[in-house]
Amino acid sequence: MEKIDCPADFRCPISREIMKDPVTIITGVSYERKNIDKWFNVYNKRTCPATMQPLHSFDMTPNHTLKRLILAWRETLVAAPSSSSSSSSLAHPSIKHDEMVSLFSTLDSSPFKVSSLKKIRAIVESGDDMRSDFIRSGGVEAVVRMLVSQTIVDNSDLVSFQACEEALGLLHVLPLLKEDKAFQLLSKREPMKSIAIVLQRGSADARFHAIIIFRKISKAGFDWNPLLEDQGMDLFKSLLELVYDEICSKASSYALEVLFEILAWSKKSRLKAIEAGAVCVLIELLPDSNRSKCEKMLLVMKLLCECPEGRTVLLDHGLGIAVVSKKLLQVSDAATKLGVKILHLVSNFQPTERVLEELLMYGAVKKLVTLLHMEGQSSTKKKVLHMLKLHGNSWRRHQCFPCELKDYLG
């Protein structure tokens, strides 16, 4: 066996020697022609040596791409002998390039996809040049193709699904601007569906990588309708599970951002989000949320309350008005503005006696009057004034109405 440090896929799985005439069999694995021919015709084996899968065809197809890569790698060794430290140093990027290309070019046929993807990721993360080289050399196409094939064909197989998770671990480190090649490949219907499946069923790390990719794609601008047609309720449930994540606050925050982008893009999606329990999740998480997450939650809740169904769930919960009222004047100007918008929607479209009573009991009315002292005119102040004029008489008649506020509602 040749004692040379070379990419693993350059070696025949049978002899472990560097291949000279690689051929691929029906399972997608490549072997040295003479070795696999002996396996079939001398030893009369009817399985794939690497995977042990039973075979129904024994055809051998020349792997010209792999053969060219091996030849190019050998030429690199000749051009940069290891005896010269300076030459070796200069050739290092080229060697990494060749190894990376060999790994992703044989990804579809390799039985060791997870280890290959880990090696590619290590190379890609070694520097911006290698990241650009990966994209330029066709790495994204190869990884996305494998991701789709493994997820769609058999996402119940553990090894296949681990390969999908590792693929997202690699893809999440790439820049995803709308004009970029990586964005154009990943934002297609099938890859997005594969990422959504990993988001639903993957490990904690894999789900984090999936939400990072979704966030990057949503920031670049993406039509979510095709994915919503495919995934619908399942997509929202997986996003809400991440919103609930108390261990990884970044995952929770990113899920809120993606949720907002989806709801802002498609009004039809809001009904599915409401049905998936989005309003109740937000109500339960709001009391203990920090400033950043509070603002994001109120932003999402405002979109949901623009639907009658969203407002109904908020009111039926029992603590809906209470948690929104509490955030007024306590978190930030942005949170106060969003809280006023939510309460304005509720009191304007569903001004039942119970709703008006809860606004008074939980201190919302007192805070609304306080907001009238804001200097200048603003849309928030106009909404406050509209609510007070519309429901002032009802509130003034209530037993628990503060006497000192009556002058403001005269």
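If you're wondering where the values come from, they're calculated on a predicted model, not measured in any experiment.

Colleague: I keep staring at the packing of aromatic side chains and nothing clicks. Help me out?
Modeller: By convention here, two paired aromatic rings are described through the distance between centres and the angle between planes. All chains considered together, the criterion is met by 6 aromatic pairs. Seen in terms of ring centroids, Phe-10 and Trp-73 are 5.8 Å apart; in terms of plane orientation they differ by 70°. Their pairing is edge-to-face. Of the two residues, Phe-10 sits in the segment before strand S1 (22–24) while Trp-73 sits in helix H2 (residues 64–79), which places them 63 residues apart along the sequence. Pairing Phe-214 with Trp-224 gives two aromatic rings, centres 5.5 Å apart and planes at 80°, and the pair type is edge-to-face. Remark: Trp-224 occurs in the loop between helix H10 (204–220) and helix H11 (225–231) and Phe-214 occurs in helix H10; sequence separation between them is 10 residues. Judged by relative accessible area, Phe-214 falls into the buried class, the value being 0%. For Trp-224, a relative accessible area of 1% puts it in the buried group. Above the face of the Trp-39 ring, Lys-45 is positioned so that its terminal group lies 5.8 Å from the ring centre.

Colleague: Is there a simple way to think about the side chain of Thr-106 in this case?
Modeller: Mapped onto the elements of the fold, Thr-106 is located in the loop between helix H3 (85–105) and helix H4 (113–124). Polar contacts involving the side chain of Thr-106 include one to the main-chain carbonyl oxygen of Leu-103, which spans 3.4 Å. When residues no more than four places from it in sequence are discounted, the contact partners of Thr-106 are Asp-9 and Leu-66.

Colleague: Teacher, can you tell me more about helix H22 (residues 379–396) here?
Modeller: In an α-helix there are 3.6 residues to a turn, and that puts residues three or four apart on one side. Relative to the 26 Å expected for 18 residues at 1.5 Å per residue, H22 spans 25 Å between its end C-alpha atoms, a close match to the ideal helical length. The axis of H22 is deflected most strongly, by about 50°, at Leu-390. Among the residues of H22, those classed as buried are Thr-380, Lys-381, Val-384, Met-387, Leu-388, His-391, Gly-392 and Trp-395.

Colleague: Just checking my understanding: could you explain the environment of Met-130 for this structure?
Modeller: Looking at the secondary structure, you find Met-130 in helix H5 (residues 128–136). A relative accessible area of 7% means that Met-130 is categorised as buried. Considering only alpha carbons, one finds Met-130 and Lys-96, 34 residues apart in sequence, at a separation of 8.4 Å.

Colleague: Is there a simple way to think about the pattern of salt bridges in this case?
Modeller: Charged atoms that come close allow side chains of opposite charge to pair. For the structure shown, the criterion picks out 17 salt bridges. Here Glu-241 and Arg-207 are joined by a salt bridge, their closest N and O atoms 3.4 Å apart. Highlighted residues: Glu-241 in helix H12 (residues 233–243) and Arg-207 in helix H10, separated in sequence by 34 residues. On the basis of relative accessibility, which here comes to 17%, the residue Arg-207 falls in the buried class. The closest approach of N and O atoms between Lys-296 and Glu-257, which form a salt bridge, is 2.9 Å. Residue Lys-296 is located in helix H16 (residues 291–304), and its partner Glu-257 is located in helix H13 (residues 249–265); the two are separated by 39 residues in the primary sequence. Glu-257 shares its class with Lys-296; the two are buried. What you see here is one network of salt bridges that share partners, running through Arg-215, Lys-219, Glu-257 and Lys-296.

Parameters and conventions
- Residues numbered from 1 in each chain as written.
- Predicted model: local features only at pLDDT ≥ 70, side-chain atom pairs only at ≥ 80, totals over all residues.
- Heavy atoms only, no water.
- Phe/Tyr/Trp six-rings, centres within 6.5 Å; stacked < 30°, edge-to-face > 60°.
- Helix = DSSP H or I, 4+ residues; strand = E, 2+ residues; numbered from the N terminus.
- Buried < 20%, exposed > 50% of the residue type's maximum accessible area, 1.4 Å probe, protein only.
- Lys NZ or Arg CZ within 6 Å of the ring centre and 35° of its normal.
- Polar contact = N/O pair within 3.5 Å; in protein donor to acceptor, adjacent residues only side chain to side chain.
- Contact = heavy atoms within 4.5 Å.
- Expected span 1.5 Å × (residues − 1).
- Bend = angle between axes of the 7 residues up to and from the residue.
- Salt bridge = Lys/Arg side-chain N within 4 Å of Asp/Glu carboxyl O.

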